[in-house]
2 protein chains.
Amino acid sequence: MINKLIAKIRKTNAPIVVGLDPMLNYVPEHIRKAAFGQFGETLEGAAEAIWQYNKGIVDAVCDLVPAVKPQIAMYEQFGIPGLAAFRKTVDYCKEKDLVVIGDVKRGDIGSTSEAYAVGHLGKVQVGSRMLEGFGEEFATVNPYLGSDGVKPFLKVCAEEKKGIFVLVKTSNPSSGELQDRLVKAAWKTGEDRNGETEERPLYEVVGRYVAAWGEQCMPAEGAYSYVGAVVGATYPEQGRLLRRIMPKAFILVPGYGAQGGKGADLVHFFNEDGLGAIINSSRGIIAAYQQEQYARFGEYGYADASRAAVLAMKDDIAAALEQRSKAF
Amino acid sequence: MINKLIAKIRKTNAPIVVGLDPMLNYVPEHIRKAAFGQFGETLEGAAEAIWQYNKGIVDAVCDLVPAVKPQIAMYEQFGIPGLAAFRKTVDYCKEKDLVVIGDVKRGDIGSTSEAYAVGHLGKVQVGSRMLEGFGEEFATVNPYLGSDGVKPFLKVCAEEKKGIFVLVKTSNPSSGELQDRLVKAAWKTGEDRNGETEERPLYEVVGRYVAAWGEQCMPAEGAYSYVGAVVGATYPEQGRLLRRIMPKAFILVPGYGAQGGKGADLVHFFNEDGLGAIINSSRGIIAAYQQEQYARFGEYGYADASRAAVLAMKDDIAAALEQRSKAF
């Protein structure tokens, strides 16, 4: 699936993933009204509203981008009907040949992580049958529990040729509270002497785990592993370092647009092959019509506004990458 | 809800939570057969099997214990039908007046954590109505993203008088890979000199965050905060330290029984008031009939075997606590 992602990035010339993180107040009134008219102001009504809203956006952008990233929390808040809308969104995006990254940030002890891995990326055994729970192609994974919590995902990735993105350095303002702590790292660099350890931020330790897990989980062909990393666009310097220590990891980069990241901040997340990163924008694309810049599209043109926002993002990133390649 | 939990622990004299983490191979054949007979070998069939299995256990132990902890991964692996069985289990346990701890280990950036907090512990706004997604009374939370990811839970806990348990030191073998790393801690202790920082394991840093978050989130009356911690039974020494630095945090202690923790290991997780900890056992209780010790109950007596295992666990912990109080 990592090779499919790369092929699609090349084809669309857009290392972009659209974050399908619908909030009810992003959904245009006419869609909300129709959904509430059919199901009432219920969880089912909310789920129908976000599903119809998603469908419009997916139809409008599916030829422009390689991938989507539905954030499961935005569906889970609406209980079972919300999660059914998540599943429907996953299925629909796959029909449209989009790569689907489930932003689920799961992670637990071994046997429990196995259940998450199976449910989101693999198949669960029921009697004599193997059945798909949610069927995403990638999932995001939280590393706080260590290798035990990640290895069941590696097993499923190898079997199913799917992938994960491990949280390394997240885009939010308080990510440094734990992730930036300096720790004694056992990892050696050229500067080590007599095996003495150095102090490194925790995210670097996690980055080195990602590189090591990735070595065990490579497709038969290709330069990138099934194990990627999440590194926020809001931390470009950290991105530069992490790019270097995880050369075979694809980096999923949230935080572009609404959270403040810009194209020029992103170039160091890419390898010299022009690959190795995929930039996520959620609100900036899916709620583009609510921004002054795209207000002309109006509520009924929300999906066209999303398309225009994708095109602008594509240009911004392409320009930044071209600027960089000139500098080489 | 923390006060309800404490009242129920006092009433049952059992600081015990039953982990409802059903695997299909724990479910007795006659229950599986009936469920597959009705729904086929489908996700619905699997969900029906684990729900009927849970119901039997809950009926058999609900007068003995204060709380249950369904592990959502075990349901999520069966997709939407599995999550519907989770919700049904939550509802049924609440009907039986059990406190329900959703072991969901969620955590994300601010706005996304808010969706999880609302969906699991609070109510989501749909038009003019406020609706419940899953309706647990406590949830477990992953701290890797820092305060941003936890604060939305604190807000919902304060509003709804519900609670969280933050992962501090997990019970699994590889938990130390990140959690035990020595970091420069800004926190001062009596041994600090001239404001110099000391090296502390990361779990201690997280424990101090838990204490600080808890100070902001106390019920009007009572000694314990809405913010608890998860500390594995398999790490008793760390439990002793963390007990001291988080005096107002209830500690949820997984890892008893199947993972190797014993009653005697657990005494230091409790405060001198005999409270402050609740010990989880999952497989050791719910699949007791599969152990030699309880094999006499047979498959049809699985729920009675669970009851016997709860009683044995209760005795083990009570004996350990009595031993300790003699030592004071």
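1. Here we look at the side chain of T140 of chain A
Residue and element names in this part refer to chain A. With respect to the helices, strands and loops of the structure, T140 is situated in strand β6 (residues 138-141). Residue class for T140 comes out buried when judged on its relative accessible area of 1%. A polar contact is formed between the side chain of T140 and the backbone nitrogen of K105, at a distance of 2.9 Å. Those residues in contact with T140, other than ones at most four positions away along the chain, are G102, D103, V104, K105, R106, F165, V230 and L252.

2. Considerations on the relation of the copies chain B and chain A
Under the fitted operation, chain B is carried onto chain A by 0.0 Å of movement along the axis and a turn of 180°, and the coordinates agree to an RMSD of 0.0 Å. What we have between these two chains is a two-fold relation. Rotation axis and chain B: the residue whose C-alpha lies nearest the axis is V183 of chain B, separated from it by 2.3 Å. A high fraction, 100%, of the interface residues of chain B reappear at the interface in chain A, so the copies pair face to face through one surface.

3. Remarks on the sheet that holds strand β6 (residues 138-141) of chain B
Residue and element names in this part refer to chain B. Strand order around the closed barrel formed by eight strands is β1-β2-β3-β6-β7-β10-β11-β12, with parallel pairing between neighbours. Each adjacent strand pair in this sheet contributes to an overall mean axis angle of 30°, direction not counted. With four bridges joining them, strand β1 (residues 16-20) and strand β2 (residues 67-70) adopt parallel strand pairing. Pairing of V17 across the sheet is with A67, part of β2. Sheet strands touched by helix α10 (residues 236-245): β7 (163-169), β10 (227-231) and β11 (251-253). Its angle to β7, the strand with the most contacts, is close to 130°.

4. Observations concerning empty space enclosed by the protein
In this structure the tally under the stated criterion is one cavity of 30 Å³ or more. By volume, the largest cavity amounts to about 30 Å³. Residue lining of the largest cavity: E177 and L178 of chain A together with P143, G146, V206, Y209 and W213 of chain B, and that is the complete set. Put simply, the parts of the chain that give the lining of the largest cavity at least two residues each are α8 (176-179) of chain A together with α9 (202-215) of chain B. The class makeup of the residues in the lining of the largest cavity is five nonpolar, one polar and one charged.

5. Looking at the pattern of salt bridges
Tallied over the entire structure, the rule returns 42 salt bridges over all chains. Between E237 of chain A and R240 of chain A there is a salt bridge, with the nearest N and O atoms lying 3.6 Å from each other. Of this pair, E237 of chain A and R240 of chain A are both found in helix α10 (residues 236-245), three residues apart, which corresponds to roughly one turn of the helix. Given a relative accessible area of 51%, E237 of chain A falls into the exposed group. For the salt bridge of K4 of chain B with D97 of chain B, the shortest nitrogen-to-oxygen distance reads 3.0 Å. Taken together, the residues span a long stretch of sequence, with K4 of chain B in helix α1 (residues 2-12) and D97 of chain B in the loop between α5 (79-95) and β3 (99-106) at a distance of 93 residues. Judged by relative accessible area, K4 of chain B falls into the partly exposed class, the value being 26%.

Rules and cut-offs
- Residues numbered from 1 in each chain as written.
- Chains lettered and ligands numbered in written order.
- Predicted model: local features only at pLDDT ≥ 70, side-chain atom pairs only at ≥ 80, totals over all residues.
- Heavy atoms only, no water.
- Helix = DSSP H or I, 4+ residues; strand = E, 2+ residues; numbered from the N terminus.
- Buried < 20%, exposed > 50% of the residue type's maximum accessible area, 1.4 Å probe, protein only.
- Polar contact = N/O pair within 3.5 Å; in protein donor to acceptor, adjacent residues only side chain to side chain.
- Contact = heavy atoms within 4.5 Å.
- Least-squares fit on C-alpha atoms with pLDDT ≥ 70 in both.
- Pairing = 2+ DSSP bridges.
- Axes fitted to C-alpha atoms, helices over the stretch in contact; angles between N-to-C directions.
- 1 Å grid on protein atoms, 1.4 Å probe; cavity = no way out; pocket = protein on both sides within 12 Å on 5 of 7 lines; lining within 4 Å.
- Points joined across faces, edges and corners; volume = space filled by probe spheres on them.
- Nonpolar A, V, L, I, M, F, W, Y, C, P; charged D, E, K, R; others polar.
- Salt bridge = Lys/Arg side-chain N within 4 Å of Asp/Glu carboxyl O.

Honestly, that's just the spatial picture; any functional story needs more than this.
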